[in-house]
Amino acid sequence: MLSNRILALLIALALPASVFAAQAEAPAAADESQPATQDPPAEQKKFPTPAEMIRQMREQKAAEEARTLVAQIDFSQPMLEQPSPVGLFGSSGMDLRTVLGRLGAAEKDESCQAVLLTFYYGGMMNFSQAQELRGALGRLREAGKRTFVYADSYDTMSYLVASAATDVVLMEGGEVFIPGVSIEQMFYKGALDKLGIVPDYIQIGEYKGAEEPYTRTKPSDALDGEMEQLVEAIYGQIVEQVAAGRQLRPNRVKRFIDRAMIPAAEAVELGLVDHLADADGLRRLMQEELENEVRIDTEYGIEEGARFDPNNPFAILAMLQPREPSVESPSIALIYAEGVITGGESGSGGLLGDSGVGSETIRRALRMAERNDNVKAIVIRIDSPGGSALASEAMYQAVRRVAEKKPVIISIGGMAASGGYYLAVAGDHIIADPASIVGSIGVVGGKLVMTGLYDKLGLTTASFSRGRNADLFSDTAEWNDRQRRLVREWMRSTYDQFTARVMSTREGKITDIDAVARGRIFLARDAHPLGMIDELGGLELALARAAERADMKEYDVVVLPEAGFN
């Protein structure tokens, strides 16, 4: 059996440094001039016994548990949709689902009494993401949690989130800056004329508008009306949500917006802010409000395996290696479609490339989900303005094939427009954030004829071709009447196919396709009564609906293909 001294040393190896801080130093080495049988000096007999060490550990644990646990999430990085790997220069942001998961954990954790969100640099997120965070804060309030939101200075998105909290905190020298909603579009026609470049475009759907920046110097009446309607809808949601969160009249919120910038002290008087404190005073403020010492956990809800150690070279190498996702229990596959739609592989969105939705990447992810028996349902999270019609059709076909075997739920984030909506209608059930942009059911295409620019630069070309349409997409000649008819017929066929795909899954929901097509765009809240989406909500709701359809009570969520390795 181990002696008490050895047992005490073994226990001490597992104790935190704070325990040692309260203990006496270890005995000094024995003086060789003293007899070996002589007892050590009394001051060397202060090493605690195992019972004393256990008592100290229990006291320390009790003191820790007596403090109020506050889960903190810092929003100093841009909010991403899709999780990204840590690269050589660190992570480029935080993903929405991870943040929602941490807030959901705090909601269910009885030991966590409060949550703190910090916006030191404003709200680097889009409107729909801000709404999802508002929803999470609302659920925390319903669960009886105090929710503190702090900012050095609030902008529209960070204040939209904060307005749903129980306690809005602002730095004393900061301000609330909500200037309103502005969408500015540039028109290139005048510059193209000066350069001698002729835009040759055709669109199907008078509201489509995608070619107007190249063919006009100002918006058409149709596009002007669409943009006015969009701006009004976004503005209305901001006013409504701030008013509801702060219990203010909507007209009063509109007056605040017309002022744009409100200093901190006045923001408190007007009811926009509850407390003034700087970042270093947050702890004292929360202790006063919660009437107890607080324990702030900055890594609350982060899974151990998700924490990255930059000092470990092996961890860095592991993060850079592609990995096959492991699906070993009943799961929902989460597939992200974020960016412009193209054929081939998705872009990484990393240091040297833009994010994009590659049809082959999405099809591969769907095949993986279809073939794995542990994947019981699929959620496709879309944030895309559209792109290639052919790639959209390829993904539509792949989704419909998988939907014959497993439930496919669509979750729309910032937007699912044009090809993004084409992909969305392939699912069994469409859920969108209220501020999501949906629709743009139309087709546009064309080319820029560069002959005038080439003449200015002294460039000449020679063309050699066979076939009546070999030069159809040449940049040195506009379409003739025959070619224009050919392109228009082609695009009309694509438009007819688009609307047919919409009605193949939305029949009985969309009563008049002509009323929602022709290139028109809507906020999801307005699209819902038109039958374009099935339900208003965020990503967590989509996962819950997928689980319901697959009859799962407990499940894991696996990203396919694994984040960052598309």
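Provided above is the structure to which this section pertains.
The following refers to the structure shown.

Calculation rules
- Residues numbered from 1 in each chain as written.
- Predicted model: local features only at pLDDT ≥ 70, side-chain atom pairs only at ≥ 80, totals over all residues.
- Heavy atoms only, no water.
- Helix = DSSP H or I, 4+ residues; strand = E, 2+ residues; numbered from the N terminus.
- Pairing = 2+ DSSP bridges.
- Buried < 20%, exposed > 50% of the residue type's maximum accessible area, 1.4 Å probe, protein only.
- Arc of directions from axis to C-beta.
- Contact = heavy atoms within 4.5 Å.
- Core = buried A, V, L, I, M, F, W, Y, C linked by side-chain atoms within 4.5 Å.
- Salt bridge = Lys/Arg side-chain N within 4 Å of Asp/Glu carboxyl O.
- Phe/Tyr/Trp six-rings, centres within 6.5 Å; stacked < 30°, edge-to-face > 60°.
- Lys NZ or Arg CZ within 6 Å of the ring centre and 35° of its normal.
- Axes fitted to C-alpha atoms, helices over the stretch in contact; angles between N-to-C directions.
- Parallel < 35°, antiparallel > 145°, perpendicular 65-115°, else oblique.
- Nonpolar A, V, L, I, M, F, W, Y, C, P; charged D, E, K, R; others polar.
- Expected span 1.5 Å × (residues − 1).
- Polar contact = N/O pair within 3.5 Å; in protein donor to acceptor, adjacent residues only side chain to side chain.
- Right-handed = clockwise from strand over helix to strand, strands pointing away.

1. Re the environment of Gly180
Okay, so step 1: By secondary structure assignment, the location of Gly180 is in the loop between β7 (175-177) and α7 (189-195).
Okay, so step 2: Residues Gly180 and Lys254, spaced 74 residues apart in sequence, show a C-alpha to C-alpha distance of 8.8 Å.

2. A short note on the sheet that holds strand β11 (residues 294-297)
Okay, so step 1: With parallel pairing, the six strands of this open sheet are ordered in space as β10-β6-β5-β4-β1-β11. Here the strands that pair on one side only, and so sit at the sheet edges, are β10 (275-276) and β11.
Okay, so step 2: Two strands pair when backbone bridges link them, and strand β1 (residues 68-74) and β11 are joined in this way by four bridges, in the parallel orientation. Within β11, the position partnered with Thr68 by the bridge is Val294.

3. Here's the deal with helix α21 (residues 539-549)
Okay, so step 1: Burial in α21 covers these residues: Leu539, Ala542, Leu543, Ala546 and Ala547. For α21, the buried positions fall inside an angular range of 140 degrees around the axis, keeping them on one side.
Okay, so step 2: Looking one or two residues past α21, Asp551 carries a phi angle of roughly 60 degrees, positive in sign.

4. Here's the deal with the environment of Pro199
Okay, so step 1: Within the secondary structure, Pro199 sits in strand β8 (residues 198-204).
Okay, so step 2: Leave out the neighbours within four places in its chain, and Pro199 touches Lys189, Leu192, Tyr214, Thr215, Lys447 and Leu448.

5. Digging into the nonpolar core
Okay, so step 1: Counting residues in each nonpolar core, the largest one holds 59 residues, and the members touching the most others are Phe75, Leu103, Leu117, Met125, Leu133 and Tyr154.
Okay, so step 2: The biggest single contributor to this core is helix α9 (residues 221-246), with eight residues.
Okay, so step 3: In this structure Leu133 touches Phe75, Met79, Val99, Leu100, Leu103, Met125 and Val161, once residues within four positions along its chain are discounted.
Okay, so step 4: One finds Ile410, Leu423, Val438 and Ile510 within the second-largest nonpolar core, a separate group that totals 55 residues.

6. Details of the pattern of salt bridges
Okay, so step 1: Overall, the coordinates contain 25 salt bridges when judged by the stated rule.
Okay, so step 2: Across the pair Glu206 and Arg518 runs a salt bridge whose closest N-O atoms are separated by 2.5 Å. Here Arg518 lies in the loop between α19 (513-516) and β20 (521-523) and Glu206 lies in the loop between β8 and α8 (212-215), a separation of 312 residues in the sequence.
Okay, so step 3: Assessed through its relative accessible area of 37%, Glu206 is described here as partly exposed.

7. Some details on the packing of aromatic side chains
Okay, so step 1: Taken as a whole and assessed by the stated rule, the structure comprises nine aromatic pairs.
Okay, so step 2: Their ring planes at 10 degrees and their centres at 4.8 Å tell us that Phe75 and Phe119 sit as a pair that is stacked. Placement of Phe75 in the loop between β1 and β2 (79-80) and of Phe119 in strand β4 (residues 112-119) is noted, with a sequence separation of 44 residues between them.
Okay, so step 3: Given the relative accessible area of 2%, Phe75 is considered buried.
Okay, so step 4: Take Phe119: its relative accessible area is 0%, and that puts it in the buried class.
Okay, so step 5: With centroids separated by 6.3 Å and ring planes inclined at 80 degrees, the aromatic side chains of Phe473 and Trp479 adopt a geometry described as edge-to-face.
Okay, so step 6: Its relative accessible area of 48% is what places Phe473 among the partly exposed residues.
Okay, so step 7: By relative accessible area, which is 6% here, Trp479 ends up buried.
Okay, so step 8: Three or more aromatic residues joined by ring pairs make a cluster, and in this case those are Tyr188, Tyr201 and Tyr214.
Okay, so step 9: Between the NZ or CZ atom of Arg520 and the centre of the ring of Tyr207, over which it lies, the distance is 5.3 Å.

8. A short note on the packing of helix α14 (residues 359-371) against helix α15 (residues 389-403)
Okay, so step 1: It is the contact of α14 with α15, at a shortest axis distance of 9 Å, that shows an interaxial angle of 5 degrees. By the angle class used here, α14 and α15 are roughly parallel. Residues Ser359, Ile362, Arg363, Leu366, Arg367 and Glu370 of α14 touch α15, and the partners they reach there are Ala391, Ala394, Met395, Ala398, Val399, Arg401 and Val402.
Okay, so step 2: Considering only residue class, the contact of α14 with α15 consists of eight nonpolar, one polar and four charged.

9. Some details on helix α18 (residues 481-506)
Okay, so step 1: Along its 26 residues, α18 runs 37 Å from first to last C-alpha, staying within 8% of the 38 Å computed at 1.5 Å per residue.
Okay, so step 2: Buried within α18 we find Gln483, Val487, Met491, Thr494, Tyr495, Phe498, Thr499, Val502, Thr505 and Arg506.
Okay, so step 3: At its buried positions, α18 is contacted by β8, α15, α16 (419-424), β17 (429-432), β19 (443-449) and α19.
Okay, so step 4: Capping of α18 at its N-terminal end is provided by Asn480; its side-chain oxygen lies 3.1 Å from the backbone amide nitrogen of Arg482.

10. Describing the pairing of β17
Sheet faces and side chains relate simply in a regular strand, where the side chains alternate between the two faces.
Okay, so step 1: Side chains His429 and Ile431 of β17 all project onto a buried face; the interleaved residues Ile430 and Ala432 project onto the opposite face, where all are buried too.
Okay, so step 2: In this structure, strand β16 (residues 408-417) lies alongside β17, joined through four bridges in parallel fashion. Among the inter-strand pairings, Ser411 is bridged to a residue of β17, identified as Ile431.
Okay, so step 3: Between the parallel elements β16 and β17, the chain passes through α16 in a crossover that is right-handed.
Okay, so step 4: The pairing of β17 with strand β21 (residues 535-536) spans two bridges and is parallel. Bridge assignment links Ile431 to a residue of β21, and that residue is Glu535.

11. A look at the side chain of Lys406
Okay, so step 1: Structurally, the position occupied by Lys406 is in the loop between α15 and β16.
Okay, so step 2: Dropping the residues within four chain positions of it, Lys406 is found in contact with Ala369, Glu370, Asn372, Val375, Lys376 and Asp428.

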